[in-house]
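# Per-entry structural report
Listed below, chain by chain, are the residues.
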Amino acid sequence: LNTPSFDYYAYIILTQGYLALDNLVEAEHFLNLSASWLPEIEDIKSIIRYQLIQAQIEIEKNELDLALQTFDSVEEKIKSIPVQNSITFRLQLTELQSRHAILTGEFQQAVAFQQAYINLNEQYFNQMRELSRSRYKVQFELKKTELENQLLEKDKELKDARLTEFEQQEVLQKTIMVSVLLLSVVFLLFAWRQYRLKRKFSVLANTDYLTGVANRRKIMDLAELQWQE
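Residues numbered from 1 in each chain as written. Predicted model: local features only at pLDDT ≥ 70, side-chain atom pairs only at ≥ 80, totals over all residues. Heavy atoms only, no water.

## With respect to the packing of helix α3 (residues 44-60) against helix α5 (residues 87-103)
The N-to-C vectors of α3 and α5 enclose an angle of 20°; their axes lie 11 Å apart at closest approach. Considered as vectors, α3 and α5 are oriented roughly parallel to each other. Taken as a pair, α3 and α5 cross one another with a handedness that is left-handed. Contacts from Lys45, Ile48, Arg49, Leu52, Ala55, Gln56, Ile59 and Glu60 of α3 reach α5 at Phe89, Gln92, Leu93, Leu96, Arg99, His100 and Leu103. (Axes fitted to C-alpha atoms, helices over the stretch in contact; angles between N-to-C directions. Helix = DSSP H or I, 4+ residues; strand = E, 2+ residues; numbered from the N terminus. Parallel < 35°, antiparallel > 145°, perpendicular 65-115°, else oblique. Left-handed = near helix turned anticlockwise from the far one by under 90°. Contact = heavy atoms within 4.5 Å.)

In structure tokens, the structure reads:
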């Protein structure tokens, strides 16, 4: 790919793989190949990782003086990294320093490095626990916010549904009122028509059509009324 960073990391991974297989020759070969790309790498963490692998190979080859120089270089570079971001490097360095002290017969110093390793390991797990707690807290807050948003959406939908229902009820009430009003008007018109028909039929039934005077039935009704009075 002609990409320096890709080649560098590929060789570093091969180096770590062969170290895991205890194939020191191949591990050193690929470490040397990665070294040609190291000047192109500007990431301080990648350089520290490289030097820690170099120190491991130097210890395996029993080049203990070179390993000490590499330790000093790693310690100097680790100082430029915030403490919370350098614990894993410090753990690797302390473990290598402990192995180096055992090989040189400095067992008291090896115990001190082991104790430092234990302390760093405890610090690392505390950091991971806090990180996990913070991550879960953030996830909880995000989930809480998501649920609250869903509740707000449901509440909005419910309010919209209630508003729609209210509007429908209002339309229905207006429809009923208009219908009742129309029925009332129709009823009044019908009653008025019946009243006029009744009066017309009454006139036709009690008067002479030609002269307009009261007929015999009307005269008898009037006479009966007068008689009762």
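Moving on, there is more to tell.
## Notes on a nonpolar patch on the surface
A contiguous nonpolar surface patch, about 280 Å² in accessible area, is contributed by Leu172, Ile176 and Val180. Relative to the elements of secondary structure, Val180 occurs in helix α6 (residues 107-206). (Patch = residues over 30% accessible without salt bridge, like charges linked within 9 Å, V, L, I, M, F, W, Y side chains within 5 Å. Areas by Shrake-Rupley, 256 points an atom, 1.4 Å probe, with all protein chains shown as cover. Salt bridge = Lys/Arg side-chain N within 4 Å of Asp/Glu carboxyl O.)

## A short note on the pattern of salt bridges
Summed over the entire model, instances satisfying the criterion amount to seven salt bridges. Where Glu170 meets Lys174, a salt bridge forms, and the shortest distance between an N and an O atom there is 3.9 Å. Of this pair, Glu170 and Lys174 are both found in helix α6, four residues apart, which corresponds to roughly one turn of the helix.

## Considering the layout of surface pockets
By volume, the largest pocket is sized at about 160 Å³. The wall of the largest pocket is formed by Gln16, Leu19, Arg49, Leu52, Ile53, Gln56, Gln92, Glu95, Leu96 and Arg99. Every element with two or more residues in the lining of the largest pocket is listed here: α1 (4-20), α3 and α5. A class-by-class count of the residues in the lining of the largest pocket yields four nonpolar, three polar and three charged. (1 Å grid on protein atoms, 1.4 Å probe; cavity = no way out; pocket = protein on both sides within 12 Å on 5 of 7 lines; lining within 4 Å. Points joined across faces, edges and corners; volume = space filled by probe spheres on them. Nonpolar A, V, L, I, M, F, W, Y, C, P; charged D, E, K, R; others polar.)

Function cannot be read off these values alone, since they describe shape.
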